[in-house]
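Examination of the molecular architecture
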Amino acid sequence: MMRRILGCSGRPVLFRDLSPDAPRVRVTLDGQVLHLPAGANLAAALLGAGITTFRMTPVSGASRGPFCMMGACFDCLIGVEGVTRQACMMQVSDGMVLTRPLGKGGA
Ligand code: FES
């Protein structure tokens, strides 16, 4: 029997948290509180929490999320403390304030 893995939204996720007992820290994403593994790769931790859209493209507004996980594609761009960064190149730390860069028509 296949087991469904649910993210913090309660929806099925593609990725599984490999260390569910690891210490957690509080992070916010667009005001939503998440408890992510301290020191984990930020992109992997967000994917494990069921977050797959990290930004929207400025031209079409299409959603984007991590692809390469090694700093090459820039599809994992996310706002960290007001600065756009590559999530796959960062670690989770307590109190991070994350925002999704707005897409087409965003201010
Ligand atoms: S996932 Fe490709 S640069 Fe981060």
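Note that the structure is predicted; figures quoted are calculated from it, not measured.

**Focus: the sheet that holds strand 1 (residues 24-29)**
- With respect to topology, 5 strands assemble into an open sheet ordered 2-1-7-5-6, the strand pairing being mixed. Of all the strands in the sheet, the pair left with one neighbour each is strand 2 (32-37) and strand 6 (83-86). For this sheet, the mean inter-axis angle between neighbouring strands, taken without regard to orientation, is 40 degrees.
- Summarising the sheet, strand 5 (residues 77-80) and strand 6 pair through 4 bridges and their orientation is antiparallel. Paired with L77 across the two strands is Q86, which belongs to strand 6.

**Observations regarding the nonpolar core**
- Counting 20 residues, the largest nonpolar core has L36, A43, A45, L46, C76 and A87 as its most contacted members.
- Where this core is concerned, the elements lending two or more residues are strand 1, strand 2, helix 1 (42-48) and strand 5.
- Ignoring any residue separated from it by four or fewer positions in sequence, one finds A43 in contact with P66, M69, C76, A87 and C88.

**Considering the pairing of strand 5**
- Between strand 5 and the antiparallel strand that follows it, strand 6, lie 2 residues; E81 among them carries a positive phi value of about 55 degrees.
- Bridging between strand 5 and strand 7 (residues 97-99) involves 2 bridges; their strand directions are antiparallel. Among the inter-strand pairings, G79 is bridged to a residue of strand 7, identified as T99.

**Details of the environment of R100**
- Following the sequence through the fold, R100 ends up in the segment after strand 7.
- Spatially, the C-alpha atom of R100 lies 9.0 Å from that of V80, the residues being 20 residues apart in sequence.
- Excluding residues that lie within four positions of it along the chain, R100 makes contacts with D30, T53, F54, R55, M56, I78 and G79.

**Focus on the pairing of strand 2**
- Here strand 1 pairs with strand 2 via 6 bridges, running antiparallel. By the bridge assignment for strand 2, V27 is matched with L34.
- Here strand 1 hands over to strand 2 after 2 residues, with D30 in that stretch at a positive phi of 50 degrees.

Cut-off values and rules
- Residues numbered from 1 in each chain as written.
- Predicted model: local features only at pLDDT ≥ 70, side-chain atom pairs only at ≥ 80, totals over all residues.
- Pairing = 2+ DSSP bridges.
- Helix = DSSP H or I, 4+ residues; strand = E, 2+ residues; numbered from the N terminus.
- Axes fitted to C-alpha atoms, helices over the stretch in contact; angles between N-to-C directions.
- Core = buried A, V, L, I, M, F, W, Y, C linked by C-beta atoms within 7 Å.
- Buried ≥ 20, exposed ≤ 12 C-beta atoms within 10 Å, placed from the backbone.
- Contact = placed C-beta atoms within 7 Å.

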